[in-house]
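If you want the building blocks of each chain, they are given just below.
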Amino acid sequence: MWLLTAAIILLQCFITTEALADDEYYKVVVAEPYMEMHTGPGRGYPVFHVVDRGDEVEVIKRRTDWFMVRTKRGKEGWVRRAEMELTLTPEGEKTMFAEAGFGDFSRRRWEGGVLAGDFDGADIMTVYAAYAMTQNFSAELSVSQVFGDFSDAIIGRVTLVAQPFPEWRLSPFFSLGGGLIYTDPNVTLVDESDRTDQIASAGVGVRLYLTRRFMVRAEYKNNVIFQDKNDNQEIDEWKAGFAFFF
Amino acid sequence: MESRLRIFLLKSISVLTLLGLFSGCSLMPVDDAPYEDSEPVIKPQLERRTITEADIDSEDFEASAFVGVMSIEDFGSNVVYGARLAYHITEDFFTEASIGRTEADETSFETLSGGAQILSDSQRELTYYNISLGYNILPGEAFIGKGHAYNSALYVIAGVGNTEFADDSHFTVNVGAGYRFLMTDWIALHVDFRDHIFDSDLLGKDKTTHNLEATGGISFFF
């Protein structure tokens, strides 16, 4: 126990020596009767200090919706965003913190996410990145891994996604894409060899904006795999997951 | 078997969602009334200046390295090591991507039979990657001695990923819990327990395997 205490305190000494120049930080002035400082970046952490109206604090950093501030006397604590927005700049203007919101969701440029689901009875996992050319159209690049009973596969796809109602919180989309599927039969089956086929997909889905830069996405895709054999293989694909946008 | 895994995954997602709902802190930002009600005393008729993200250093990402012990069902326990990258979405939720690597020992059968080998040396390597959603279920402070208080959190986490083992990919569900102890505002120690669940037919019969992992790590917010 003593060893642990000593180790942590020692480590801390090394870490906190990284001193930063004073005027590097953004400053705000408390405009409300007081501003509460919590011991941690969370609603449950106790208030240990109160900054009076007119006092200036430095904003050291931000974590999720909490800001770490330092008073003139060197006390450091965490303040919630709602309270920070009631402060003034040293010039007397109101402060407002840039916050990704619903407006940014419909105007997003980049999107990336992870989806998991079902690919004709097999499990599938997909990572994708998308770039929005306009509010209604985006191009998407995705890589999927399929885990089947008899074979595994990797699919690389380029997809064009049309979103008719970008301003809706729950926004539907349609997709059309193509790519390659590399199939790798499991080791226990000896007579099948690895192969690469072309794949085409058409799909529908929805995006649901949650908060900040975060959304939920679910989709269905109908795939056609063009095999060397005469019959093409048709595959239903259902997926859901979460995504970020920038 | 595959569908059983999916049902399990769906269940764990719904449990996480329910947890969020019950604790009254969904993903939507909550505005506490007292702060909103109080009218600002000074009301300057000036334009609001928006502080951009460049003005304030935001530390929502957390990178970590970990080492510990992982037990592969039927194949003994061995050292596991890896790395994680987490993004804190709100004070309650975070997403995490992780990769890890360990090696399988001999099964009891291999040991007792003397020479028989089920897997070659290269097949004994196990690597996994996964993407998970975590929820800080018990945030709080930990005290060491009389004069030191540290922020900490107990979290639950679940996700999906891939496990490469014995020349085969396995769709893997992971569930677990961990403890984050913040030594400073940006350095934390972690203890993590995870169960990596996947179906395997390696020993002839298709079965769901539980592969338990206990690790310790250090992380940095940036």
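Residues numbered from 1 in each chain as written. Chains lettered and ligands numbered in written order. Predicted model: local features only at pLDDT ≥ 70, side-chain atom pairs only at ≥ 80, totals over all residues.

**Some details on the overall build of chain A**
Phase 1: Within chain A, the secondary structure is distributed over 3 helices and 15 strands.
Phase 2: Taking all 246 residues of chain A together, 32% fall into the buried category. (Helix = DSSP H or I, 4+ residues; strand = E, 2+ residues; numbered from the N terminus. Buried ≥ 20, exposed ≤ 12 C-beta atoms within 10 Å, placed from the backbone.)

**Digging into the environment of His88(B)**
Phase 1: Within the secondary structure, His88(B) is located in strand S4 (residues 77-88).
Phase 2: Judged by the 21 C-beta atoms lying within 10 Å of it, His88(B) falls in the buried class.
Phase 3: Sequence separation of His88(B) and Asn78(B) is 10 residues, and the distance between their C-alpha atoms is 31 Å.
Phase 4: Beyond its immediate sequence surroundings of up to four residues, His88(B) is in contact with Arg63(A), Thr64(A), Asp60(B), Glu62(B) and Phe94(B). (Contact = placed C-beta atoms within 7 Å.)

**Concerning unusual backbone geometry**
All names here are of chain B.
Phase 1: Even without being glycine, Asp 74 reaches a positive phi, approximately 75 degrees.
Phase 2: Looking at where Asp 74 falls in the secondary structure, it is placed in the loop between strand S3 (61-71) and S4.
Phase 3: Exposure remark for Asp 74: the 19 C-beta atoms within 10 Å place this residue in the partly exposed category.
Phase 4: Within the chain, Asp 167 stands out as a residue other than glycine whose phi angle is a positive 60 degrees.

**Side note on the sheet that holds strand S5 (residues 93-103) of chain B**
In a beta sheet, neighbouring strands pair by backbone hydrogen bonds and run either parallel or antiparallel.
All names here are of chain B.
Phase 1: Spatially, S3-S4-S5-S6-S7-S8-S9-S10 is the arrangement adopted by the 8 strands of the closed barrel, whose pairing is antiparallel. Looking at each pair of strands side by side, their axes are set apart by 25 degrees on average, direction ignored.
Phase 2: Here strand S7 (residues 148-165) pairs with strand S8 (residues 168-182) via 14 bridges, running antiparallel. Pairing of Gly 161 across the sheet is with Thr 172, part of S8. (Pairing = 2+ DSSP bridges. Axes fitted to C-alpha atoms, helices over the stretch in contact; angles between N-to-C directions.)

**Topic: the pairing of strand S12 (residues 170-185) of chain A**
Phase 1: Sheet analysis places strand S11 (residues 151-162) of chain A next to S12(A), joined by 12 bridges and oriented antiparallel. Looking at S12(A), one finds that Thr159(A) is bridged to Gly177(A).

**Concerning the sheet that holds strand S8 (residues 110-119) of chain A**
Residue and element names in this part refer to chain A.
Phase 1: Read around the barrel, 8 strands follow the order S8-S9-S10-S11-S12-S13-S14-S15 and close on themselves; strand pairing throughout is antiparallel. Across the sheet, the axes of successive neighbouring strands diverge by a mean angle of 25 degrees, strand direction being ignored.
Phase 2: Two strands pair when backbone bridges link them, and strand S10 (residues 137-147) and S11 are joined in this way by 11 bridges, in the antiparallel orientation. By the bridge assignment, Val 143 is partnered in S11 with Gly 156.

**Remarks on the confidence of the model for chain A**
Phase 1: Of all residues in chain A, 87% attain a pLDDT of 70 or more, and the chain-wide mean is 85.
Phase 2: This stretch, residues 17-22 of chain A, has a pLDDT under 50; its non-local contacts, to residues over four places away or in other chains, come to 0 contacts. (pLDDT = per-residue confidence, 0-100.)

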